[in-house]
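Summary of structural features
The lines below spell out each chain.
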Amino acid sequence: MELARNVIIVLSGLSGFILAIVAILAWKKRNVRISSAVLFLSVAGMIYCFGYMAELCSNTLEEIRFWLHIQYLGISYIPAAWIILAEKHTQVRIKNWETVKVVLITISTITLILSSTFDIHPYYYKSLTLNPAAPFPVAKIEPGIWYIVHNTFNNISAIFGNILYIIFWRRAEAHKKQQAFVFFLSSFFPWTMLLIYLS
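Residues numbered from 1 in each chain as written. Predicted model: local features only at pLDDT ≥ 70, side-chain atom pairs only at ≥ 80, totals over all residues. Heavy atoms only, no water.

1. A word on the confidence of the model for the protein chain
Rule in force here: A residue's pLDDT is simply how confident the predictor is in it, with values from 0 to 100. The numbering of helices and of strands both runs from the N terminus, where a helix is a DSSP run of H or I of at least 4 residues and a strand a run of E of at least 2.
On average, residues of the protein chain score 89 in pLDDT, and 93% of them reach the 70 mark or higher. The secondary structure element of the protein chain with the lowest average pLDDT is helix 8 (residues 189-198), at 63, and the one with the highest is helix 5 (residues 97-116), at 97.

The following block contains the structure:
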């Protein structure tokens, strides 16, 4: 089981490193239309990956609690960042887009606040303890109401981004169909991140 832990630690660190490179490249090309959205998503993902890596390296509940706080600086905003990137990239028009963005950022910010203060209320975690059945120190959580809201928001955001990329693919001109299909397949990346998060 220590091998499995080390593999996940390495993969999380590698993912964070790749996302850091993407963020640097997006910053260097910040005059490109979608660069700000790429930067937003890659920084959020990078913070989450490095925080998750550090959580897996932790040996006490106090250390795990600390790294959970760091992770949520990123993961709170991944759903919003994903939809913003998909909208900018696909150029599919969304009604009242500016209002939608405000709602997305507001939900993400509420998640950040509640996850950062879970020690003093039951809305994010009703309880957070070490899992005695695990082969290495991992958190055992009892989810609160906003934890469920956040995971529902994650799923809806991932699906919505997938839908935007399906529309993008179907509307693409014949000579761009293959490229659009690649982007459609890549739109399933948030599902991968979500599965990692839920595991």
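2. Structural notes on the nonpolar core
What counts, and what does not: We call a set of buried residues a nonpolar core when its members are Ala, Val, Leu, Ile, Met, Phe, Trp, Tyr or Cys and they connect through side-chain atoms within 4.5 Å of each other. Relative accessibility thresholds used throughout: buried, under 20% of the residue-type maximum; exposed, over 50%; partly exposed, between the two (1.4 Å probe, protein chains only). Contacts: residue pairs with any heavy atoms within 4.5 Å of one another.
Residues Tyr124 and Tyr125 are the most contacted members of the largest nonpolar core, which totals 38 residues. Of all elements in the fold, only helix 1 (2-28), helix 2 (35-57), helix 3 (61-75), helix 4 (78-90), helix 5, strand 1 (125-130) and helix 6 (145-171) reach the threshold of two or more residues within this core. Sorting elements by how many residues they give to this core places helix 4 first, with 8 residues. Setting aside its immediate chain neighbours within four residues, Tyr125 contacts Leu68, Tyr72, Phe118, Ile141, Glu142, Gly144 and Tyr147.

3. Re the packing of aromatic side chains
Condition: For Phe, Tyr and Trp, where Trp contributes only its six-membered ring, two rings pair if their centres lie within 6.5 Å, and the inter-plane angle classes them as stacked under 30 degrees, edge-to-face over 60, or tilted in between.
The full count for this structure, using the stated rule, is 10 aromatic pairs. With 5.2 Å between their ring centres and 80 degrees between their planes, Tyr72 and Tyr124 make a pair best called edge-to-face. With a gap of 52 residues between them, Tyr72 in helix 3 and Tyr124 in the loop between helix 5 and strand 1 connect regions that are remote in the sequence. On the basis of relative accessibility, which here comes to 0%, the residue Tyr124 falls in the buried class. For the pair Trp82 and Tyr165, a centre-to-centre distance of 5.8 Å together with 20 degrees between the ring planes defines the contact as stacked. Of this pair, Trp82 sits in helix 4 while Tyr165 is found in helix 6, placing the two residues 83 residues apart along the sequence. Here Trp82 matches Tyr165 in class, with each residue buried. Members of the aromatic cluster, joined through ring pairs, are Tyr72, Phe118, Tyr124, Tyr125 and Tyr147.

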